[in-house]
Amino acid sequence: MNKGPSELELTVGQLAQRSGTTVSALHFYERQNLITSWRTSGNQRRYHRDTLRRVALIRIAQRVGISLADIREALAALPDNRVPNRRDWQRMSQRWRDDLNERIRLLEQLRDDFTDCVGCGCMSIDRCALANPFDELGAHGAGPRRLLEGKSSLRTVEGAERSGQASS
Ligand code: FES
């Protein structure tokens, strides 16, 4: 790849090519204050090479559902006047650790447990009468209670079957 005017500078085309995104997406990120550039005397945008890492983070964070506002807030914690080091990135990603762990838990449940009753109150599949008899989980609050609360704290279908409780 042509490194352009400097090893540390990238044109918008180079940044798009190397980051696997489009020029229009980079312009969008810039309008959203997620990345910054400066202008040459010929009024062309230039990006510091470390913008590649920022774009990588933005794209991955977006793919796992982190909002642009949260991404912007996290990126704002990185230093402006020097290239962020490992500690800077560690501090930044630490902010998302709990949130990401919860997302991972929910994604795993969606992948593994959505064939079972989720405790949403619909009573529409055969196992609902066992896992959520008479929609008793509705008393815990709104939404899919067996996903939100985790099945460990709730009745399991298998446990109900073993104890010979409700059936449909
Ligand atoms: S899946 Fe909705 S209450 Fe069971």
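What you see is a predicted model, and the numbers here were worked out from it, not measured in a lab.

Participant: Requested: an account of the packing of helix H1 (residues 12-19) against helix H3 (residues 51-63), with residues and values cited.
Facilitator: The N-to-C vectors of H1 and H3 enclose an angle of 50°; their axes lie 10 Å apart at closest approach. Taken as axis vectors, H1 and H3 run oblique relative to one another. The way H1 lies across H3 gives a crossing that is right-handed. In contact with Leu15, Arg18 and Ser19 of H1, H3 contributes Thr51, Leu52, Val55 and Ala56. Here the contact of H1 with H3 is built from residues that sort into 4 nonpolar, 2 polar and 1 charged.

Participant: I'd like a rundown of the pairing of strand S3 (residues 45-48), residues and numbers included.
Facilitator: Side chains on a regular strand alternate between the two faces of the sheet. Bridging between strand S1 (residues 9-10) and S3 involves 2 bridges; their strand directions are antiparallel. When the bridges of S3 are listed, Leu10 appears paired with Tyr47. Following strand S2 (residues 38-39), the chain reverses through 5 residues before pairing antiparallel with S3; Asn43 in that reversal takes a positive phi of roughly 65°.

Participant: An account of the sheet that holds S1 is requested, with residue identities and associated values reported.
Facilitator: The strand order across the open sheet formed by 3 strands is S1-S3-S2, and the pairing between neighbours is antiparallel. Across the chains shown, the open sheet's two edge strands, defined by having one partner strand only, are S1 and S2. The sheet contact formed by S2 and S3 spans 2 bridges and is antiparallel. Across the sheet, the residue bridging to Trp38 is Arg46, located in S3.

Reading the values: rules and limits
Residues numbered from 1 in each chain as written. Predicted model: local features only at pLDDT ≥ 70, side-chain atom pairs only at ≥ 80, totals over all residues. Axes fitted to C-alpha atoms, helices over the stretch in contact; angles between N-to-C directions. Helix = DSSP H or I, 4+ residues; strand = E, 2+ residues; numbered from the N terminus. Parallel < 35°, antiparallel > 145°, perpendicular 65-115°, else oblique. Left-handed = near helix turned anticlockwise from the far one by under 90°. Contact = placed C-beta atoms within 7 Å. Nonpolar A, V, L, I, M, F, W, Y, C, P; charged D, E, K, R; others polar. Pairing = 2+ DSSP bridges.

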